[in-house]
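# Descriptive structure summary
Listed below are the residues making up each chain.
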Amino acid sequence: MLDLIAGLIDPCEGELRGDDEVIDDNNRRSWHALIGYVPQQIYLCDDTIAANIALGMDDRLIDIDRLEMVAKVAGLHDFVIEKFPSKYDTVVGENGAVLSGGQRQRIGIARALYHEPKLLILDEATNALDTQMEAEVVRRIIDHCDGVTVIMVSHSLNSLACCDRVVVIKDGAVALEGTYAEVCNKG
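Let us look at the structure shown here. Residue numbering note: each chain is counted from 1, following its sequence as written. This being a predicted model, a pLDDT of at least 70 is required before a residue's local features are given, and a value of 80 or more before pairs of side-chain atoms are given or counted; all residues contribute to the totals for chains, interfaces and linings. With hydrogens and water excluded, all non-hydrogen atoms of the structure serve as input to the side-chain values.

## With respect to the pattern of salt bridges
Here is the rule we go by: In what follows, salt bridge is the name for a side-chain nitrogen of Lys or Arg lying within 4 Å of a carboxyl oxygen of Asp or Glu. Between buried and exposed lies partly exposed: a residue is buried under 20% and exposed over 50% of the maximum accessible area for its type, with that area taken using a 1.4 Å probe on protein chains only. Comment: elements are numbered from the N terminus, with helices defined as DSSP H or I runs of at least four residues and strands as E runs of at least two.
Enumeration over the complete set of coordinates arrives at eight salt bridges. Of the charged contacts, one joins Asp25 and Arg28 as a salt bridge, the two residues approaching to 2.9 Å between their closest N and O atoms. On the accessibility criterion, Asp25 (64% relative accessible area) is exposed. The exposure class assigned to Arg28 is buried, which follows from its relative accessible area of 14%. With a closest N to O distance of 3.9 Å, Arg66 and Glu116 form a salt bridge. Of this pair, Arg66 sits in helix H4 (residues 64-73) while Glu116 sits in the loop between helix H6 (101-114) and strand S4 (119-123), and the two are 50 residues apart along the sequence. Relative accessible area serves as the criterion here: at 24%, Arg66 is assigned to the partly exposed category. Classification of Glu116 by relative accessible area gives exposed; the value is 52%.

Okay, structure coming up:
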């Protein structure tokens, strides 16, 4: 479903619409430009933390204020400042070898936020974080993303507590739908 929403694959039936506009080969690239996507497995380049957050940007064009702001939202900033003497200029190694899974996920979240998406897709984007850090990061993301549509996939119902709408999918179909409280009450 996320691949459909992101415009990575075409629907077998019907059509994908964003803001009442059909997404097809004519506008797929502009649709992709609106999306911040955090997959389950984050790819990191053997480059600096800054370059991995601002992926695709020339190092001279990286907005350090924006970079630090999104790192704070992702719960990464304090760790970078306290742990690494070179701070954001620290090279993470091949696929983030010097980082834990949770730290790699937080870089992925900061990366998605850095490019100011209109649609943010989080696919199990916080599953490597402990419960407290997950709740804090999700709350920060929601607070930061005012006016941004956030689609969050999680097997942890608790991580969805701040969502406006929760949809439970079972066997490829909608099993439950409602507010967090309604879904919890329905079991």
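This is not the end of the story, as more comes after the structure.
## A few points about H4
We apply this condition: The arc refers to the directions leading from the helix axis to the C-beta atoms. Contacts are assigned to residue pairs with any non-hydrogen atoms lying within 4.5 Å of each other. Identification of polar contacts relies on pairs of N or O atoms within 3.5 Å, with a donor-acceptor requirement for protein atoms, meaning one able to donate a hydrogen and the other able to accept it, and with residues adjacent in sequence counted only if both atoms are side-chain atoms.
Taken together, the buried positions of H4 are occupied by Leu67, Val70, Ala71 and Val73. Angular distribution of buried residues about the axis of H4 spans 155 degrees; they occupy a single face of the element. Against helix H3 (49-53), helix H5 (77-83), H6 and helix H7 (131-144) lie the buried residues of H4. The N-cap of H4, judged by a side-chain oxygen 3.1 Å from the amide nitrogen of Asp65 a few residues on, is Asp63. Positive phi appears at Gly75, one or two residues downstream of H4, with a value of about 70 degrees.

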